[in-house]
Amino acid sequence: MNEKFLDLLAQKYDSAEKVATEIINLEAILNLPKGTEHFVSDLHGEYQAFQHVLRNGSGNVIEKINDLFQDTLSENERNEFATLIYYPEEKLKLIKSHFGNELELNQWYTEIIERMIKLISYASSKYTRSKLRKALPKPFVYIIEELLYKKDDSTNKDDYYSKIVQQIISLAQADQLIIGLAYTTQRLVVDHLHVVGDIYDRGPEPDKIIDTLIDYHSVDIQWGNHDVLWLGAFAGSKVCLANIIRICARYDNLDIIEDVYGINLRPLLNLAEKYYEDNPAFRPKVQSEKKLSDYEQLQITKIHQAIAMIQFKLEIPIIKRRPYFNMSERRLLEKIDYEKKEITIHGKTYPLENSCFATVNPMQPDRLLEEEQQVIEKLLFSVQHSEKLARHMNFLMKKGSLYLKYNGNLLIHGCIPLDEEGNMEKMTIENKTYGGRELLDTFESYLRYAFEHPEMTDDLATDMVWYLWTGEYSSLFGKREMTTFERYFIKEKETHKEGKNPYYYLREKEEICQKILAEFDLHPEQGHIINGHTPVKEIDGENPIKANGRMLVIDGGFSKPYQSVTGIAGYTLLYNSYGMQLVAHKQFHSKEDVLGDTTDVLSVKRLVDKELVRKKVRETNIGKEILQEISILNSLREYRYMN
Ligand SMILES: O=P(O)(O)OC[C@H]1O[C@](O)(COP(=O)(O)O)[C@@H](O)[C@@H]1O
Ligand SMILES: [Mn+2]
């Protein structure tokens, strides 16, 4: 081993004892049970529902409560206790309002603190003391540790502990302690979170999801097509930018653009007011709880058309300069007979309805008006100068990747493009051909390059980000074409269909999943593919567990607008030392409902895979890193302290 490196390391471990202590420490960690991984996907801006799943650890909190208090507390009491863990501030208020006098309240405080300490002690049994310490509420670390490690049952000590609790209560610190203990519990039941894509679009609060993830103790992200669209906009792709604004207009979420990210929509509004009228195809999909005035609705409808038309125009030059995107069928504005109001696609002619082509020059349909050009330039400037967006996009880049290999599993939002025979589909980019893992690595390196060069807006890397959103062989999209235009302007439903990559039916087969796992150097019999992106239609009896358990599709649709399609409110997955469990979530309405109701039957678990022997940290990704550290420390020992 490099001596310079070891000399440097010796500055940190400057005695034989220090090296030995660290090795013993790391060895001990290797023998602990594997921590719980929590997988979520397709959050689509549904911050409240996501919060709920995080707070209850996909049912992990109540499970631990049931394990501990099955015999001593009624079901009602256990559920009440669980709600206190999920929403401590609100629940405390509710509970406290029911007490008639201080004595009763103090009695309750004493009991609940003891109960919480028991729960934390149980939930932290897989962690080292030092890891637990980091999870404890800072102001109370010392006190909680005293309470946690009361092993000695002698009466003297009992007195001492009850004094501590009484002191906390009389110093008016009980609420703070309870709140801190609740958040510690939430944190302990999940060791690591995976977000398998699509944080953005459709729902109202993607920014709050990102803020939550930024503060989360341990997380990685597999980008979804919608996340990449936002990354693309920030990286300089005008067509990605047009798309994100179009989708925000479509779902009545322009607040995210204007108020949250501070992007000025005034120039776009002016353009929209000048050229567009009301149009039923472009009215926003309004969430039931929100009410829009007629005037607001009209404004959004106009903006929606203005930005959609800019998008359709911007697509054409990219398709022209990248023939290998194989998207010439998507040069739609060139396929329109503007007099007859008809379009010919895939050899068939259809009448156009709800058309809004006032800014289109039939001779040069891809030409932006001077005004449109200015609007998109200004929007791009604004997007690239939004500090908050920069923070969020940088975080997405730092924690994200197109796919992830983690503890033997392959995590991917969309698909691995396959041909009908189940071979890795090939794509040629600038005379080089890629397939399977290599294709994904290539996509990712283009995306990272585009992100590092936001000043370049028309280069291949930037165009490639758009391809990831909508291209046939994009591992995030995985459909033949995106029929956005058709759904606005053509009545015939046959044109709306988006043919899926063969992956989506081949993934039902175990041998196909094994082949994909092998392509990524993962164990074909032990690994799993964890997939998001396509809503599982429980309603129609679709099973999220496919290919004999090798394939798990966890998009059950947190996205409210899609819940009528799926029949549930999302799947999540838990992977602890005993195995994997898939959790189906019932629809989440509001935290007020949860607080008021004492029946917490929001989720149902299904066993996917059971480990025959309890898995230890040694067998995990982190375990491998620790083993490496140990080996380096051993080298240091030999080199520095053994002669
Ligand atoms: O329902 P909307 O908002 O019109 O979006 C439909 C579009 O979204 C997509 O389904 C992509 O979004 P998802 O990744 O959420 O599936 C496209 O295939 C489709 O064209
Ligand atoms: Mn998706």
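Residues numbered from 1 in each chain as written. Chains lettered and ligands numbered in written order. Predicted model: local features only at pLDDT ≥ 70, side-chain atom pairs only at ≥ 80, totals over all residues. Heavy atoms only, no water.

Caption draft 1: Highlighting the packing of aromatic side chains. The final tally for this structure, using the stated rule, is 21 aromatic pairs. Here Phe325 and Tyr467 contribute two aromatic rings whose centre-to-centre distance is 4.7 Å and whose plane-to-plane angle is 45°, an arrangement assigned as tilted. Here the residue Phe325 occupies a position in the loop between helix 17 (294-321) and strand 4 (336-337), and Tyr467 occupies one in helix 21 (residues 460-470), the gap between them amounting to 142 residues. Here Phe325 matches Tyr467 in class, with each residue buried. Among the aromatic residues, those joined into a ring-pair cluster are Phe282, Phe312, Tyr338, Phe357, Phe485, Tyr488 and Phe489. Directly above the aromatic system of Tyr575 lies the positively charged group of Lys34, at a separation of 3.7 Å from the ring centroid. The ring of Phe81 carries Arg115 above its face, with NZ or CZ at 5.3 Å from the centroid. (Phe/Tyr/Trp six-rings, centres within 6.5 Å; stacked < 30°, edge-to-face > 60°. Helix = DSSP H or I, 4+ residues; strand = E, 2+ residues; numbered from the N terminus. Buried < 20%, exposed > 50% of the residue type's maximum accessible area, 1.4 Å probe, protein only. Lys NZ or Arg CZ within 6 Å of the ring centre and 35° of its normal.)

Caption draft 2: Expanded view of the environment of Asp252. Its location among the elements puts Asp252 in the loop between helix 14 (238-250) and helix 15 (254-260). Looking at Asp252, the relative accessible area reads 7%, which means it is buried. Once the C-alpha coordinates of Asp252 and His38 are considered, the two residues, 214 residues apart in sequence, prove to be 31 Å apart. Those residues in contact with Asp252 that lie beyond four places of it in its chain are Pro284, Lys285, Val286, Lys290, Leu292 and Ile300. (Contact = heavy atoms within 4.5 Å.)

Caption draft 3: Examining the coordination of the manganese ion (ligand 2) more closely. The protein atoms donating to the manganese ion (ligand 2) are Asp198 (OD), Asn225 (OD1), His413 (NE2) and His533 (ND1), with metal-donor distances spanning 2.1 to 2.3 Å. In primary-sequence terms, the residues that donate to the manganese ion (ligand 2) follow D-x26-N-x187-H-x119-H. Here Asn225 is found in helix 13 (residues 225-234), whereas its partner His533 is found in the loop between strand 12 (529-531) and strand 13 (545-546), with 308 residues between them in sequence. Each member of the pair Asn225 and His533 is classed as buried. (Donors = N, O, S within 2.8 Å, 3.2 Å for Na, K, Ca; no water.)

Caption draft 4: Fine view of the sheet that holds strand 12. Taken in spatial order, the 5 strands line up as 8-9-12-14-13 in an open sheet, and their pairing is mixed. Strands with a single pairing partner mark the edges of an open sheet, and in this sheet they are strand 8 (403-406) and strand 13. Relative to strand 9 (residues 409-412), strand 8 runs antiparallel, the two being bridged by 4 bridges. Considered in strand 9, the bridge of Tyr406 is made with Asn409. Across the sheet, helix 20 (residues 436-452) is in contact with strand 8 and strand 9; its angle to strand 8 comes to roughly 120°. (Pairing = 2+ DSSP bridges. Axes fitted to C-alpha atoms, helices over the stretch in contact; angles between N-to-C directions.)

Caption draft 5: Representation of the site of ligand 1 within the structure. Every one of the 14 residues lining ligand 1 counts as a neighbour, but His226, Tyr251, Arg487, Glu498 and Tyr562 are closest to it. A distance of 2.5 Å is found between an oxygen atom of ligand 1 and a side-chain nitrogen or oxygen belonging to Tyr251. Protein contact buries 88% of the 470 Å² of open area that ligand 1 shows by itself. A class-by-class count of the residues in the shell around ligand 1 yields 4 nonpolar, 4 polar and 6 charged. (Near = heavy atom within 4 Å. Polar contact = N/O pair within 3.5 Å; in protein donor to acceptor, adjacent residues only side chain to side chain. Areas by Shrake-Rupley, 256 points an atom, 1.4 Å probe, with all protein chains shown as cover. Nonpolar A, V, L, I, M, F, W, Y, C, P; charged D, E, K, R; others polar.)

Caption draft 6: Layout of the nonpolar core. The biggest cluster of nonpolar side chains holds 198 residues, and the ones touching the most others in it are Leu213, Trp230, Ile245, Phe485, Phe489 and Ile516. Ranked by the residues each element gives to this core, the list is headed by helix 17, at 12 residues. With sequence-adjacent residues up to four places away left out, Leu213 is seen in contact with Phe50, Leu193, Val195, Ile199, Val219, Ile221 and Phe395. By size, the runner-up hydrophobic cluster in this structure holds 14 residues, among which are Leu6, Leu26, Ile626 and Leu636. (Core = buried A, V, L, I, M, F, W, Y, C linked by side-chain atoms within 4.5 Å.)

Caption draft 7: The side chain of Glu145, seen in detail. With respect to the element layout, Glu145 can be found in helix 9 (residues 141-148). Here Arg133 takes part through its side chain, which lies 2.7 Å from a polar atom of the side chain of Glu145.

Caption draft 8: Representation of unusual backbone geometry in the model. In the Ramachandran plot, Asp42 falls in the positive-phi region, its phi being about 50° despite a non-glycine side chain. Inspection of the secondary structure assignment puts Asp42 in the loop between strand 1 (37-40) and helix 3 (47-56). Phi is positive for Asn431, which is not a glycine, with a value near 70°. Relative to the assigned elements, Asn431 resides in the loop between strand 10 (426-429) and strand 11 (432-435).

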